[in-house]
Amino acid sequence: MLRALLWDVDGTLAETERDGHRVAFNLAFEARGRDWHWDEQRYGELLRVAGGRERLLHDMAGRRDAPQDAAGRQALALELHALKNRYYGELVAAGGVALRPGVPELMDDAEAAGLAMAIVTTTSRCNVDALVEATLGRDGHRRFATVVAAEDAPRRKPDTQAYALALARLGLAPTQTLALEDSPAGVSAARAAGVPVVLTRSRYFADAPGEGTVAAGPGLGSGRGWTPAASGTGRIDLAQLMSWTTRA
Ligand code: XBP
Ligand code: MG
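Rules of the game
Residues numbered from 1 in each chain as written. Chains lettered and ligands numbered in written order. Predicted model: local features only at pLDDT ≥ 70, side-chain atom pairs only at ≥ 80, totals over all residues. Heavy atoms only, no water. Buried < 20%, exposed > 50% of the residue type's maximum accessible area, 1.4 Å probe, protein only. Helix = DSSP H or I, 4+ residues; strand = E, 2+ residues; numbered from the N terminus. Pairing = 2+ DSSP bridges. Right-handed = clockwise from strand over helix to strand, strands pointing away. Donors = N, O, S within 2.8 Å, 3.2 Å for Na, K, Ca; no water. Salt bridge = Lys/Arg side-chain N within 4 Å of Asp/Glu carboxyl O. Expected span 1.5 Å × (residues − 1). Contact = heavy atoms within 4.5 Å. Axes fitted to C-alpha atoms, helices over the stretch in contact; angles between N-to-C directions.

Engineer: Describe the pairing of strand E4 (residues 177–181), and please don't skip the residues or the numbers.
Structural biologist: Among the five residues of E4, five are classified as buried, and the element is accordingly described as predominantly covered. Along E4, one buried face is formed by Thr-177, Ala-179 and Glu-181 and the opposite face, lined by Leu-178 and Leu-180, is buried too. Bridging between strand E1 (residues 4–7) and E4 involves four bridges; their strand directions are parallel. Paired with Leu-6 across the two strands is Ala-179, which belongs to E4. The pairing of E4 with strand E5 (residues 197–200) spans three bridges and is parallel. Counted as the bridge partner of Ala-179 is Val-197 from E5. Between the parallel pair E4 and E5, the chain is carried across by helix H8 (residues 184–192), and the sense of this crossover is right-handed.

Engineer: Requested: an account of the coordination of the magnesium ion (ligand 2), with residues and values cited.
Structural biologist: Surrounding the magnesium ion (ligand 2) are the protein donor atoms Asp-8 (OD), Asp-10 (O) and Asp-182 (OD), which sit 2.2 Å from the metal. In the primary sequence, the donor residues of the magnesium ion (ligand 2) line up as D-x1-D-x171-D. Remark: Asp-182 occurs in the loop between E4 and H8 and Asp-8 occurs in the loop between E1 and helix H1 (16–31); sequence separation between them is 174 residues. Classification of Asp-8 as buried rests on a relative accessible area of 5%. Given a relative accessible area of 3%, Asp-182 falls into the buried group.

Engineer: Run through the pattern of salt bridges, naming residues and quoting values.
Structural biologist: A side chain of one charge can pair with a side chain of the opposite charge when the charged atoms of the two come close. For the coordinates displayed, the defined rule picks out 19 salt bridges. The salt bridge partner of Arg-156 is Glu-54, with a shortest N-O separation of 3.2 Å. With Arg-156 in the loop between strand E3 (146–148) and helix H7 (161–170) and Glu-54 in helix H3 (residues 52–61), this pair connects stretches of sequence that are 102 residues apart. A relative accessible area of 17% places Arg-156 in the buried class. The partner of Arg-143 in a salt bridge is Asp-108, with the nearest N and O atoms 2.8 Å apart. Placement of Arg-143 in the loop between helix H6 (125–136) and E3 and of Asp-108 in helix H5 (residues 103–112) is noted, with a sequence separation of 35 residues between them. With relative accessibility at 42%, the residue Asp-108 sits in the partly exposed group. Shared partners join several salt bridges into a network, and the residues in it are Arg-42, Glu-45, Asp-59, Arg-63 and Asp-65.

Engineer: Can you tell me about H6, naming the residues and giving the values?
Structural biologist: Each α-helix turn comprises 3.6 residues. Residues three or four places apart therefore point the same way. Between its terminal C-alpha atoms H6 stretches 16 Å, which fits the 16 Å expected from 12 residues at 1.5 Å a residue. All of the buried residues along H6 are Asn-127, Val-128, Ala-130, Leu-131, Val-132 and Leu-136. Considering only its buried residues, H6 is in contact with H1, helix H4 (70–93), H5, strand E2 (116–120) and E3. Of the residues flanking the end of H6, it is Gly-137, one or two places downstream, whose phi is positive at about 95°.

Engineer: Quick one: what's the story with the sheet that holds E1, residue by residue and with numbers?
Structural biologist: Read across the sheet, six strands follow the order E3-E2-E1-E4-E5-E6 without closing on themselves; strand pairing throughout is parallel. The open sheet terminates on both sides in strands that have one partner only, identified here as E3 and strand E6 (215–217). Along the sheet, successive strands turn relative to each other by an average axial angle of 20°, direction set aside. Relative to E6, E5 runs parallel, the two sharing three bridges. Paired with Thr-200 across the bridge in E6 is Gly-217.

Any functional reading would require information that these geometric values do not contain.
And the structure:
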């Protein structure tokens, strides 16, 4: 029986990457006098690397105008990443990023049905706190039985560490839970932990394959475009998730 929903953050709760993290990285580059800019397309390519600091290091490895020694690159990545997270927090607090359609309604469904909810993400905890507070209110974090963030599970998705930890903290078997993810790395991480997944494709992962998922579609806000088909065209509610899970 389904006992908990496990929420990914970036791309699933909100479209944080294009309008949040990317913008904040560019602000950090500017603030430190770096003539670097990640446009939407370049950021899409860089998203193949999970983790903001790892993404920076990957980008720097191909730049002539980055420090040429590994220690110098590490130090700069640490500094720019911390600054990026500060700008990200400010952007989110100013209302720059909204929850994706259907997300708050599904959270209400889950609570009304007595399901637990958890956050399972590879982003930094400060980014989760900023987003939860800005979109769900000051007490928003109380809605989650546990939050697993990058500091808790440093091995990024597709590694299974974050899901394994969430299950251990919840004291639940994988099949008593259902993950909501937007990216191939997220789907792989959940699947490797034995957790069934519903894929809500985000902008940057619009072509993410649905193989191995319970259902895959363009977002929780509408019943259109889902495989398997949703029972109606309205939002994806808990009853729909339950029916997909029992069929899978
Ligand atoms: C998203 C990520 C993160 C964010 C940036 O993971 O890979 O790295 O892009 O956050 P998920 P940090 O979808 O699992 O939440 O800069 O804090 O890494
Ligand atoms: Mg994601």
